[in-house]
Amino acid sequence: MGHEEIERYSRHLIMPEVGMTGQRRLKNASVLMIGAGGLGSPLGLYLAAAGVGKIGIVDFDVVDTTNLQRQVLHGTKDVGRPKIESAAERLNDVNPHVEIVPHEVRLTSENALDVIRPYDVVVDGTDNFPTRYLTNDACVLLGKPNVYGSIFRFEGQVSVFDARHGPCYRCLFREPPPPGMVPSCAEGGVLGVLPGIIGALQALETIKLIIGRGEPLIGRLLLFDALAIEWRTLKLRKNPECPVCGTNPTVTELIDYLEFCGVPSYEEGAAEDHADVPTISAKELHERLERGDTIRVVDVREPHEWEIVNLAVYGADLIPLDTLLERLPELDSAEEIVFYCQTGARSAKALKQLRDAGFRKVWNLRGGIRAWQKEVDPSLPRY
Amino acid sequence: MGAGAKEGWVSVGQRDEERGTGVLLQVNGRERWVPTGTTVGDLLAELDLVAALVVVERNREILQRDLYGRTTLAEGDALELVHFVGGGTDS
């Protein structure tokens, strides 16, 4: 370490738990971050600042305005840029002694082992179950520690899964939840500071693993409730029947994680879009309303979303999805009805309920109010 | 996570009245009375939790999902109910 580095890390070096030995370990270490989003932001910043010698980043996404509320690695000027570029620039600025290795790919069963193999520690900051199970299984197969974090709304979870010394993600969550039943942050929201807390804890656990100090969260799941400000620690045991790290594993190579999680392939994903319900495009609906056609427009989102933006100017009214069945008498099956929500998913559910109730002249606004904002009225706010 | 924080049902305050007819559990670290014969499945239903979306740890052992309906809760059982959480955000 040169003089500049010794000065830079002096607050580490004066603690005997780190010292020159620990700091050299950090410098010689390599960490792979899966995701440069909400969790990856504090994680990357603290790992770089701490002097982790090599930081790999897997991300293929582009910075969007809706990311900035929590993804503090990226700035307003970065909107539209690949996250990996923006992240590398920022982390190099934080600490030029750190080597940033970009992996601008989607982690898949084909590339995961090769991407992960060169690194000492993997940190899971993903937003979806297929990648989470893939990361877990690849780490088990390669014998790497997997520093897990996940967040939703006001809740966070952290653990260190290291199958050599304790349980893995699958020992706890053996099978994925039914597809579509656990909302993502994009659907359910997340308080911006929460990934800051959970991602920082992941950085802490990563650094502890590298310097070999303290008690890592191996075999423990830390649960955080931000509203109550309550922490719980759950002791986890290795499951001898775990399909990947148990005594007789059935998963001995990477599998098809999209199929395992019951989700359509990424290419099909967008196209599928509740194809079994009749839809109307934002443009067509707009034309028909402007022409004066009598169409009942119903918003099935929640009241706080209605407050952000709505189509009241076209006579839309609000019937949240979970109240639809009890408010059915307010709708007339002789009328033409169009349902909308944010993106078209909830309104597709509403449509199915209505068709089950015998309504025939009902359509789903394809792409929701987001499509309306994009195709019809860009002056509306997007959320 | 945080599953089971919902109040109601047989509260701790009713403990003495219910003694003899119920069993005392620890659910996510809090005391909770349930009627004798309550299964894990009944408890999840009472808490409005979808079985497929939670992992139940009973006395440090993860309980297989297909056993929820057949597992009757016993005095002193310690349960931890953990939600699936998907994100991360936009990785």
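Source: prediction; values computed, not measured. (Residues numbered from 1 in each chain as written. Chains lettered and ligands numbered in written order. Predicted model: local features only at pLDDT ≥ 70, side-chain atom pairs only at ≥ 80, totals over all residues. Heavy atoms only, no water.)

J.: Describe in detail the packing of aromatic side chains, supporting the description with residues and values.
T.: All names here are of chain A. Taken as a whole and judged by the stated rule, the model has 11 aromatic pairs over all chains. With 5.9 Å between their ring centres and 75° between their planes, F161 and Y169 make a pair best called edge-to-face. Taken as a pair, F161 and Y169 share a single burial class, namely buried. It is K54 that lies over the ring of Y119; its NZ or CZ is 5.5 Å from the centre. (Phe/Tyr/Trp six-rings, centres within 6.5 Å; stacked < 30°, edge-to-face > 60°. Buried < 20%, exposed > 50% of the residue type's maximum accessible area, 1.4 Å probe, protein only. Lys NZ or Arg CZ within 6 Å of the ring centre and 35° of its normal.)

J.: Could you give an account of the domain arrangement of chain A, with specific residues and numbers?
T.: Domains assigned within chain A are domain 1 (3–260) and domain 2 (270–375). Computed from C-alpha coordinates alone, the two centres of domain 1 of chain A and domain 2 of chain A are separated by 39 Å. (Domains from an automatic or database assignment.)

J.: Help me get a handle on the sheet that holds strand β11 (residues 317–318) of chain A, residues and values and all.
T.: Residue and element names in this part refer to chain A. Sheet architecture is open: 5 strands sit in the order β9-β13-β12-β10-β11, paired in parallel fashion. In this open sheet, the two edge strands, each paired with only one partner strand, are β9 (279–280) and β11. Judged from the 2 bridges that link them, β9 and strand β13 (residues 362–365) form a sheet pairing that is parallel. Within β13, the residue paired with T279 across the bridge is N364. Against the sheet, helix α13 (residues 282–290) touches β9, β10 (295–299), β12 (336–340) and β13, its axis set at about 130° to β10. (Pairing = 2+ DSSP bridges. Helix = DSSP H or I, 4+ residues; strand = E, 2+ residues; numbered from the N terminus. Contact = heavy atoms within 4.5 Å. Axes fitted to C-alpha atoms, helices over the stretch in contact; angles between N-to-C directions.)

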